[in-house]
Amino acid sequence: MTDTADLEARLALLKQRFDSAFSAPPPPLAAEAVESLLALAVGAERHFLRLRDIEGLYLERTLTSVPSRAPHMLGVTDFRGELVAVFDLAALLTGARCTRPRYLVRSSQRPVAFAFEHFQGHVRVGRQSSQDVAAAPRSTIELPVARLERELAGNAAGEGRYD
């Protein structure tokens, strides 16, 4: 009888473990295992921005034109009481100007935003493939904040400011 009781106890334990495996939420993915990216089109090319590099994605923000010597600057916009310079991402990446910028991404590094026309969605890829985003036609790009800083620092009127 003890063999039957032991077997029933083991069977009950296995059943309980099996059932609880389906009722528990799946274990979270390790933060370093996946990379979250925003997919966007700049001209005919598909690009990806790391989600950790942007503060937010905005649709059809009002831009106010201001005089500027920065050739890629489209104007300024208001983010919760803070004026932020907005630059043409297409012009910075390809040299071609954006005809109708619908979307803005705000940098998490500096108080600047970048305008573009076509948002394609959110993509999650394995960290190993995010170095070259093997499944995508174009590689993941960095927001061109450092390039802007270099260009504006060389502009005598800009003195390194975003104006």
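Residues numbered from 1 in each chain as written. Predicted model: local features only at pLDDT ≥ 70, side-chain atom pairs only at ≥ 80, totals over all residues. Heavy atoms only, no water.

A.B. asks: I tried to follow the nonpolar core on my own but got confused; where do I start?
C.D. replies: Burial of nonpolar side chains together is a common tendency in soluble globular proteins. Counting residues in hydrophobic clusters, the biggest one holds 19 residues, and the most contacted among them are L40, M73, F87, L89, V105, F114 and F116. Excluding residues within four positions of it along the chain, L89 makes contact with L40, V42, F114, A115, F116 and P144. With seven residues, the next largest nonpolar core counts Y58, F79, V84 and A115 among its residues. (Core = buried A, V, L, I, M, F, W, Y, C linked by side-chain atoms within 4.5 Å. Buried < 20%, exposed > 50% of the residue type's maximum accessible area, 1.4 Å probe, protein only. Contact = heavy atoms within 4.5 Å.)

A.B. asks: I would appreciate a short explanation of the sheet that holds strand β5 (residues 82–88) in the present structure.
C.D. replies: Within a beta sheet, neighbouring strands are joined by backbone hydrogen bonds and run either parallel or antiparallel to one another. In space, the five strands of this open sheet follow the order β3-β6-β7-β5-β4, with mixed pairing throughout. Of all the strands in the sheet, the pair left with one neighbour each is β3 (54–59) and β4 (73–79). Across the sheet, the mean angle separating the axes of adjacent strands is 30° when strand polarity is ignored. Where strand β6 (residues 103–107) meets strand β7 (residues 112–116), four bridges bridge the pair, whose relative direction is antiparallel. Considered in β7, the bridge of L104 is made with A115. (Pairing = 2+ DSSP bridges. Helix = DSSP H or I, 4+ residues; strand = E, 2+ residues; numbered from the N terminus. Axes fitted to C-alpha atoms, helices over the stretch in contact; angles between N-to-C directions.)

A.B. asks: Could you clarify how one ought to interpret the packing of aromatic side chains in this entry?
C.D. replies: Pairs of aromatic rings are described using the distance from one ring centre to the other and the angle between the two planes. In total, this model carries four aromatic pairs according to the counting rule given. A centroid spacing of 6.4 Å and a plane angle of 40° characterise the contact between F87 and F114, whose relative ring orientation is tilted. Placement of the pair is F87 in strand β5 and F114 in strand β7, with a sequence separation of 27 residues. For F87, a relative accessible area of 0% translates into the label buried. For F114, a relative accessible area of 0% translates into the label buried. Plain terms: the ring middles of Y103 and F119 are 5.8 Å apart, the flat faces sit at 50° to each other, and that makes the pair tilted. One end of the pair, Y103, is in strand β6; the other, F119, is in strand β8 (residues 118–126), and 16 residues separate them in sequence. A relative accessible area of 14% means that Y103 is categorised as buried. Judged by its relative accessible area of 30%, F119 is partly exposed. The ring of Y58 is capped by R61, whose NZ or CZ atom sits 5.4 Å from the centre of that ring. Geometry around F79 places R61 over its ring, the cationic atom sitting 4.5 Å from the centre. (Phe/Tyr/Trp six-rings, centres within 6.5 Å; stacked < 30°, edge-to-face > 60°. Lys NZ or Arg CZ within 6 Å of the ring centre and 35° of its normal.)

Just distances and angles here, no functional claims.
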